Structure formats: structure tokens, C-alpha cells
Amino acid sequence: GNSVTQMEGPVTLSEEAFLTINCTYTATGYPSLFWYVQYPGEGLQLLLKATKADDKGSNKGFEATYRKETTSFHLEKGSVQVSDSAVYFCALSNQGGKLIFGQGTELSVKP
Amino acid sequence: NAGVTQTPKFRILKIGQSMTLQCTQDMNHNYMYWYRQDPGMGLKLIYYSVGAGITDKGEVPNGYNVSRSTTEDFPLRLELAAPSQTSVYFCASIDRYGEQFFGPGTRLTVL
């Protein structure tokens, strides 16, 4: 079946550090891949997405590349800010828009 | 557009009580979803709907019911609340580009 695995958190970084959150997936066919962000007390917001192999999604300085050969979609940012502190979810969509989520990775950025 | 709205924001139920979580979207999306988010976990799909009059089970449907009489509304019904249903519930809809829009969530506690 379809599944998503993320690196466990919490991840604690200092401001301006480099961020990588690993995400790997198992899926039949050719899923679309997403990163969602959840700020405290709020719902999920789409951060970026990629719909086919080798696509790179990017938004607000975050990037992720759809790697079919390694079934991965790692999230990166070159210089994190305190305002990036949130929970990040990797997800895939294969049929009818139904999303399958990873367990989430909490990021805490200290000044 | 208000997007996806949910009511109530918070609710405490006693075991065996029933309630309906309301969800409305004003974007004329056909596809709508209900997810639950347990602490430290990703979201799991409860039910979904591909249009008015059509609903189907997701990954964790037991203990819940839904209806979809209009495009805008997709209420979730808990008939006999149990402590295992303590969770945060998110409603979402999807646009024609595959992006899901989430409501702010309903935090439910069953005691």
C-alpha cells in the first residue's frame, strides 16, 4: 500500500542554519508529493508540491525535489528563521485527491 | 472567499453523547474530506465525498457518519462518542489543480 515516512522530530536549529527534513514514500503508480506546514493552533497549509519525477517544488525559500529513483522528497531550506518554527508534514496523493501523510516533524528555530 | 470553515472550534463530550461537526466551503469544490489528527501523528482520512450525494469511507471510518446534501456542506456525525475519538478533526476540500484547502480544525475531547 501507500505510505510516507518522515524523519522523527523534534528538530532544533539556530536561526540561519541549514534545514533538511527527510521524507521517503512507498506508492504504486506515480503519486503527487506535497509538503504541508502547520503553525501552532492552526490548520495545515500547502507549502510546496511536485507532480512528477525530477520536479522541484519551491516556496518561501523551501525546496524539495521529487526523486523517483530513491522514492524521496526531502525538504530543504538554506537559512531558517524563528518564524519557520512549525510542524512539517510530507504527504502523497495517488487517487482522487486523498492524501496520505507522514507523522510530521516538529521544527523549533532558536534566535 | 472564506475558504473552509469548521464549527465548533472546541468541544467536550461525555462518553455515549453524540454531536455533529460542521464543515462548509465556498469555493465550489466537488471533493471534500474529513481527517483526524492524533497527538504526534499525521492526519488519517475518515470519510470523503466526490460530490453532492456521494460519500465513501476512508482509512478510519468506524464510529463516524457523513452526509453531503449540498456542494458546500459536509458534516461529520459522531453517534456514540468514545474516548478513542478524542482528536483534532480537520475538514478539507480540493481544487481542480489538486491543492487541498484545510479548515482550522475542531478539537474534541471525550471524557
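To be clear, the structure that these remarks concern was listed above.
Here the structure is a predicted model, which is why all the values come from computation and not from measurement. (Residues numbered from 1 in each chain as written. Chains lettered and ligands numbered in written order. Predicted model: local features only at pLDDT ≥ 70, side-chain atom pairs only at ≥ 80, totals over all residues. Heavy atoms only, no water.)

**Observations concerning a nonpolar patch on the surface**
Residues and elements named next belong to chain B. Nonpolar side chains collect at one region of the surface, where Y31, V50 and I54 lie side by side and expose about 220 Å² of accessible area between them. Relative to the helices and strands, V50 resides in strand 5 (residues 43–51). Owing to a relative accessible area of 30%, V50 belongs among the partly exposed residues under this scheme. (Patch = residues over 30% accessible without salt bridge, like charges linked within 9 Å, V, L, I, M, F, W, Y side chains within 5 Å. Areas by Shrake-Rupley, 256 points an atom, 1.4 Å probe, with all protein chains shown as cover. Salt bridge = Lys/Arg side-chain N within 4 Å of Asp/Glu carboxyl O. Helix = DSSP H or I, 4+ residues; strand = E, 2+ residues; numbered from the N terminus. Buried < 20%, exposed > 50% of the residue type's maximum accessible area, 1.4 Å probe, protein only.)

**Brief notes about the sheet that holds strand 9 (residues 75–77) of chain A**
Residue and element names in this part refer to chain A. Read across the open sheet, the four strands follow the order 3-9-8-7; overall the sheet is antiparallel. The sheet is open, and its two edges are formed by strand 3 (19–21) and strand 7 (56–59), each paired on a single side. Adjacent strand axes in the sheet meet at a mean angle of 15°, parallel and antiparallel pairs treated alike. (Pairing = 2+ DSSP bridges. Axes fitted to C-alpha atoms, helices over the stretch in contact; angles between N-to-C directions.)

**Topic: the environment of A:L75**
Residues and elements named next belong to chain A. Inspection of the secondary structure assignment puts L75 in strand 9. Distance from L75 to G1, taken between C-alpha atoms, is 23 Å for residues 74 residues apart in sequence. Each residue touching L75, except ones within four places of it in the same chain, is listed here: L19, T20, I21, W35, L47, L48, F62, E63, A64 and Y88. (Contact = heavy atoms within 4.5 Å.)

**What about the side chain of A:S93?**
Residue and element names in this part refer to chain A. Position of S93 relative to the elements: it lies in strand 10 (residues 86–93). Note on S93: relative accessible area 12%, which makes it buried. Beyond its immediate stretch of four places on either side in the chain, S93 contacts P31, S32, F34, K98 and L99.

**A look at the sheet that holds strand 8 (residues 76–78) of chain B**
Residues and elements named next belong to chain B. Strand order in the open sheet made by the four strands is 1-3-8-7, with antiparallel pairing throughout. Every interior strand has two partners, whereas the edge strands, strand 1 (4–7) and strand 7 (64–66), have only one. Ignoring which end each strand starts from, the neighbouring axes of this sheet average 20° apart. In this sheet, strand 3 (residues 19–25) lies alongside strand 1 in antiparallel orientation, the contact comprising four bridges. Bridging from a neighbouring strand, Q6 pairs with C23 of strand 3.

**Section: the side chain of B:D95**
Tracing the chain through its elements places B:D95 in the loop between strand 9 (87–94) and strand 10 (100–102). In this structure, B:D95 is buried with no salt-bridge partner, the nearest side chain bearing the opposite charge being A:K49 at 5.8 Å. At 2.9 Å, the side chain of B:D95 and the backbone nitrogen of B:E99 are in polar contact. Beyond its immediate sequence surroundings of up to four residues, B:D95 is in contact with B:H29 and B:F101. (Lys, Arg positive; Asp, Glu negative; His and termini not counted. Polar contact = N/O pair within 3.5 Å; in protein donor to acceptor, adjacent residues only side chain to side chain.)

**Comments concerning the interface of chain A and chain B**
At the interface, 16 residues of chain A touch 19 residues of chain B. At the boundary of chain A with chain B, total buried surface from both sides reaches about 1,300 Å², with 58% on carbon and sulfur atoms. When the buried area of chain A at its contact with chain B is split by residue, A:L44, A:K98 and A:F101 rank highest and sum to 31% of it. Counting every contact that joins chain A to chain B gives zero salt bridges. At the junction of chain A with chain B, the criterion picks out three residue pairs in polar contact (both at pLDDT 80 or more). For the side of chain A that touches chain B, the secondary-structure elements that each account for two or more residues are strand 5 (32–38), strand 6 (44–50) and strand 11 (99–101) of chain A. Tallied by class, the residues present in the side of chain A that touches chain B amount to seven nonpolar, six polar and three charged. (Buried area = accessible area lost by both parts, 1.4 Å probe. Nonpolar A, V, L, I, M, F, W, Y, C, P; charged D, E, K, R; others polar.)

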